[in-house]
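An overview of the molecular structure
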Amino acid sequence: MRRIEVPELAVVAMVGVSGSGKSTFARAHFKATEILSSDHYRGIVSDDETDQSASGDAFDALYFFLGKRLTRAKLTVVDATNVRFEDRKKLIEYARKFHCFAVAIVVDAPERICHERNATRPDRQFGPQVIHRQHAELRRSIRNLEREGFRYVHIVKPEDEIEIVRTPSWNNKRHASGPFDIIGDVHGCAPELRQLLATLGYERSAAAQAESPWGDEFWRHPEGRRAVFVGDLVDRGPAILDAVRIVRNMMRDGAAFCVAGNHDVKLVRWLRGKKLQIKHGLQRSIDEIETLDAADRVRLASFLDSLLSHYVFDGGKLVVAHAGLREEMHGRTSGGVREFCLYGETTGETDEFGLPVRYNWAAEYRGRATVVYGHTPVPEPQWLNNTANIDTGAVFGGALTALRYPEREFVSVPAARVYAEPVRAIKPIEPDRGDVLDLADVTGKRFVETRLARNVTIREENSIDALEVMSRFATDPHWLIYLPPTMSPCETSTRPDYLEYPTEAFEYFRRNEVRRVICEEKHMGSRAVVVVCRDADAARRRFGVIDGKHGVCYTRTGRPFFPADNDESGLVARVQSALTKAGFWEEFQSDWFCLDCELMPWSAKARELILQQYAAVGEAGEAALSEVAGLRPEFARRLQLVRQYREAYRRYCWPVTSLDDYKLAPFHLLASEGRVHVDKTNLWHMETLRRLAANDPQLTATRYVEVDVDAPEAACKWWEELTSQGGEGMVIKPLEFIAKGPKGLVQPALKCRGREYLRIIYGPECTAEDQLERLRARALGGKRSLAMREFALGVEALERFVSKEPLRRVHECVFGGLALESEAVDPRL
Amino acid sequence: MILSLTSKVRPATDLGFLLHKNPANTHRAELSFGAATVFYSEVSEEKCTACLLLEISPVELVRGARQLEDYVNDRPYVASSYMSVAIGRVFGTALAGNCAKRPELVDLKMPLTARLPVVRARGPELLTRIFEPLGYVVTAEPIPLDETNPAWGLSPYFRLTLETTATVHDVLSHLYVLLPVIDEEKHYFIGADEVAKLLRHGEGWLATHPERELIVKRYLRRSASLVSQALEQFEGESNTEKELERPITLHTERVSIVGERLRALGAKSVIDLGCGEGKLLRRLLADRAFDRVAGMDVSHRSLELAAERLRLDRMNDRQRERIQLFQGSLLYRDKRLEGFDAAALVEVIEHMDVPRLAAMERVVFEFARPRHVLVTTPNKEYNVLFPALPPDRMRHNDHRFEWTRAEFATWADRTATRFGYRVTVEPLGPLHETHGAPSQLAVFSL
């Protein structure tokens, strides 16, 4: 049995003359879906696998699928004769383009056997001269295959017993999930490195035996954390060999990984005798190396040369490379990948200092994996699109920075002094912090990943609607960190004269094994989200807004609540002062809050709707029915219903002339710095916000009762009281903000609306017996599914914002929620 | 929901013959959307009143409903296209001008009064403009919106009484056509046969009606192709002549100037950012100087209209390759906006909230970065010259701001400086000596 090693991702070219057994070999050793056969594609495009005139189209199709598979990092076997250089060249190009190895497996069968085999196959009657020619081409090719660019060439005989072994890529450390401390460019700053390691909790120990030239300085973390160095250990700094020793010993110990930096690579070349320009601090390294003997220099060179250009950790969620890495290169291997890792991407131009102008790949980065890198010194460690630059220029007198993973915290120690002067001033990479959103991040059919509901699908037609609303009517997206979910009503009541009654809501929660619920009075207002910062500076810092606002108040579809900015700023100021009086800034250690509220009166936002729709319809109904009321008793009854309907909408209207006429009832304290408060109970939200509301007469605490679903009588009675006075009804929520039952997530809230209120939802005459009967048959499935998806998106948006993900990642959820709102659901639910 | 028709000519009961409904009985007809009942509230030699009572079934009403507004609906109560359909059904014979038993009555003009307790109309003027030319004495009594909230003002409804001396057939035809015209909503799909229906029932009066165009447009719900089809019947060729004589609108002038300027700048490829229904695109496509023209708008509906107006589906491949339409937003960076010689934003920026202009500026000037950018926006100072515009109002409901000449120039200079463009600002449209031109144009160049 012969073992053949094939990299886990490769383009495998089967090479051999017709009839040599390539296809049989491929089928025996690879999955059917991994094999792209030229014969098969000839058949696909022409219905005839042997039609040589179809080869051009067949290979176009084959290459198309090859590209798709390689994009998805799938090993692919190309089953064609591949005996000619031109055919193989294309495969090498594909391997390069997709940054993976090309492997040739040559099936070397004697010409005679190939002849015999072809002779037995009715579709292969192309004469011996073809085989002969192919054989000659193959013979000429074999010795050149490696030079052509095949990383591995395996020649197999038909009689060989072969086992294919797939080898993981060296950079594949997906199984290593951390925790890690990723450390920026050291550049010989051994003193700062020691200090940083100590700060991070690493402990120094001496090895029993010192090994030349590595010494005995060993560092390890008592909890098994591991360090990952982003490279550039050498040059410029005060103690270059010490820095290399520390890293090398930690690696030896299994306590660290290190990727190569451009300086490390250059030093290897110098050590191996290349003539180089001695600049950018190389002299410092040379000075220290002078002290080493020849054998130690070889050891040093071979250590630095052994450093890989990047690593993929933690199931693919973390990538470390010296200068960063585009997503399509993660885990790949090619000269192009190495170049990128070492030098980043350059535009080809040079700046006034003769340094290459760098292309800001991170600005366009949309990958899932967090990429941590250094190379370009920046004043502060910088997050951009899930990438972090942690080179804070220790050697230039900045700081040596580590990123704790998965905590995503930066830990820095300042440099003791300036060891080298930077060639160009250190400045943030680009002022762009991802604050200009990209259309490609929101349109088309999208899947938004959420913690609560996995993928939420956003359909393309809904995105189309949402784009218009978001662009024309919404509040500045920087402020939009949450859209509240829609709320489903409870199931239809079976009681005569009632469409909704609380029993069904309690029943829903009982069915889902939620025993304790909270009933909150439903205010007769409009849903409003209030985002408030401590001051304009906090707003700028945390939300990236430049409009000078301290906060915003927006509707459930993201529109500014108030037509005039000064009303909004007035309300924000009231909330600010209440937060101050309640001591919330300190208590929550936050200089911003996001509150989910009801803003009253309903007529404030809905004035146009009330005038143009509710009042108008009421008047039309009254005028028309008065005319005919005398004709039949039925019309008199209908007139009575219309009058009740008019009473219902009038209750929700009071004139608003100034800000003082508004009432705000916050019922969820959704988020503050570092925390999304969905881990608290709804009881906590009620009580916490009651404390807040006590500080301003304009704020209203929400009345509520806690209920055991097995004993809901008192709550039902309370609901009857509320609604008989014309109240809107109540909202029933599980005690836990995020409640799970045997079948997964439970509705975060159900509404149970009163009879009077429903008149303005279902129409003036909805309580007429025949109408009520028809309305009872209403399907809630769509509404509930929508509520759940919107809930998941809302929580996700907050969680992303709180963990300081880029704007586009937060916006994706908010935009998705808005898009879902255009799904067709019975608007009366 | 009720229409009454009163005749006071002796014997008034002749009305029963004319309407083909015996005053002694109640007549009921089932309609797809409800029931119509005809009864007589007064029957005497002197005075006879026929009533058409229309009850609309709520099931039919909410068919296809999407918004809450559709459920809380005035349709059951007002006289609308439902009433027209009912007239056609229950008074079909009279509407067609037939009266088998008493044919001599058909062409008899008699004093008639029609009453509609609730009609919806924009204003009382519309009612007089439409009915007076047909010889009616119009009494439109406005109805308050809500008597408990007098501050809310008047409702869009009127108690309408129409008095005239005419044939029953004429009055029914008028009502049949004009009820949906007043109400401006039709509960059914408007197809090609709607034109024929209009011409049939408008025969003898519509052609000479001074508000003919308004009636046709509203009856056909402003479907451009149907309206022109109908108007051609009346006007023949004269329509195009009228087109020519129509004064050039401000917007047309704006589009034409922007087009000329783009040509003069030597732009071969142009993207119209906020193309709306495609007026500038049409101008650019007509000019071979432009090889490639693209239109972007945030409104999907506008793009559909633009595609329709440009007749995209009838273009040959070569023409089709020159034009591209897509939905996008100026607030989002978009690779599709790159690679054009010039971009035009004609009356677009004033539709954006001021704080969001910063994003637009980066999207256009930093990322799309065409060699030239043309931006037009209203000149606020000129507003005083619009007599109908109250002083504190803007020209359009959706305008988020309107700038003076100085404000626009400041913005243009700042933007040009920030993104490394040169800019010139000029008036756009007829110049007034103190207030400037109605619009203003900034031309940015790299």
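No experiment lies behind these values; they were computed from the predicted model shown.

Turning next to the overall build of chain B. Assigned secondary structure in chain B consists of 17 helices and 15 strands. When the backbone C-alpha atoms are referred to their principal axes, chain B occupies close to 90 × 55 × 45 Å. For chain B, the residues scored as buried account for 42% of the 446 residues in total. Long-range pairs, those at least 24 residues apart, make up 69% of the contacts in chain B with a sequence separation of at least 6.

Examined at the domain level, chain B breaks down into domain 1 (2-188), domain 2 (192-246) and domain 3 (250-445). Taken over C-alpha atoms, the centre of domain 1 of chain B sits 48 Å from the centre of domain 3 of chain B.

Residue and element names in this part refer to chain A. Sheet topology note: the strand β24 (residues 446-450)/strand β25 (residues 454-458) ladder contains 5 bridges and is antiparallel. Bridged to V448 within β25 is V456. The turn joining β24 and β25, which pair antiparallel and follow one another in sequence, is formed by 3 residues.

Another point: the domain arrangement of chain A. Looking at chain A, the domain boundaries give domain 1 (2-167), domain 2 (172-205 + 217-414), domain 3 (440-476 + 794-829), domain 4 (492-523 + 712-779), domain 5 (525-601 + 658-701) and domain 6 (605-649). The C-alpha centroid of domain 5 of chain A is placed 44 Å from the C-alpha centroid of domain 2 of chain A.

Let's shift gears to the sheet that holds strand β14 (residues 310-313) of chain A. Residues and elements named next belong to chain A. A sheet is described by the order of its strands in space; here 6 strands give the open sequence β8-β14-β15-β18-β20-β19, paired in mixed fashion. Two strands lie at the open edges of the sheet, namely β8 (172-173) and β19 (382-384), each paired on one side alone. Direction of pairing for strand β15 (residues 318-321) relative to strand β18 (residues 370-373): parallel, over a ladder of 3 bridges. By the bridge assignment, V320 is partnered in β18 with V372.

With that settled, consider the interface of chain A and chain B. Residue-level contacts link 36 residues of chain A with 40 residues of chain B. The element contributing the most residues to the side of chain A that touches chain B is helix α20 (residues 602-628) of chain A, with 14 residues. When grouped by side-chain class, the residues that make up the side of chain A that touches chain B number 21 nonpolar, 6 polar and 9 charged. Pairing between strand β23 (residues 437-438) of chain A and strand β11 (residues 332-333) of chain B: 2 bridges, direction parallel. In the strand pairing of β11 of chain B, L437 of chain A is matched with Y332 of chain B.

Turning our eyes to something else, we now look at the environment of D14 of chain B. Residues and elements named next belong to chain B. Here D14 shows up in helix α1 (residues 14-19). Residues D14 and Q233 lie 219 residues apart in sequence; the distance between their C-alpha atoms is 36 Å. Excluding residues within four positions of it along the chain, D14 makes contact with R102 and L105.

Residue and element names in this part refer to chain B. Taken in spatial order, the 7 strands make up an open sheet running β2-β3-β4-β1-β5-β7-β6, and their pairing is antiparallel. One side of each edge strand has no neighbouring strand; the edge strands of this open sheet are β2 (27-31) and β6 (137-144). For this sheet, the mean inter-axis angle between neighbouring strands, taken without regard to orientation, is 15 degrees. In this sheet, strand β3 (residues 34-43) lies alongside β2 in antiparallel orientation, the contact comprising 5 bridges. Bridged to L31 within β3 is G34. Along the sheet, helix α4 (residues 81-90) contacts β1 (2-7), β2, β3 and β4 (48-56); its crossing angle with β4, the most-contacted strand, is approximately 120 degrees.

Another aspect to go through is unusual backbone geometry. All names here are of chain A. In the segment running from Y405 into P406, the intervening peptide bond is cis, with an omega of 10 degrees. The topology assignment puts P406 in the loop between β21 (399-405) and β22 (409-414). Here the amide bond leading from M600 into P601 is cis, since omega sits at 0 degrees, within 30 degrees of zero. Along the chain, P601 turns up in the loop between β30 (592-600) and α20. One non-glycine residue with positive phi stands out, namely N82, at about 50 degrees. Exposure remark for N82: the 25 C-beta atoms within 10 Å place this residue in the buried category. The phi angle at N386 is positive, at roughly 65 degrees, despite the residue not being glycine.

Counting 250 residues, the largest nonpolar core has L798 of chain A together with L52 and A344 of chain B as the members making the most contacts within it. Considering every element that reaches this core, the biggest residue donor is α20 of chain A, with 11 residues. With residues up to four places along the chain from it excluded, the contact list for L52 of chain B reads I2, L3, A36, V38, A86, I87 and V90 of chain B. F229, V265, L342 and A415 of chain A belong to the second-largest nonpolar core, a separate cluster that totals 69 residues.

Conventions adopted
Residues numbered from 1 in each chain as written. Chains lettered and ligands numbered in written order. Predicted model: local features only at pLDDT ≥ 70, side-chain atom pairs only at ≥ 80, totals over all residues. Helix = DSSP H or I, 4+ residues; strand = E, 2+ residues; numbered from the N terminus. Buried ≥ 20, exposed ≤ 12 C-beta atoms within 10 Å, placed from the backbone. Contact = placed C-beta atoms within 7 Å. Domains from an automatic or database assignment. Pairing = 2+ DSSP bridges. Nonpolar A, V, L, I, M, F, W, Y, C, P; charged D, E, K, R; others polar. Axes fitted to C-alpha atoms, helices over the stretch in contact; angles between N-to-C directions. Core = buried A, V, L, I, M, F, W, Y, C linked by C-beta atoms within 7 Å.

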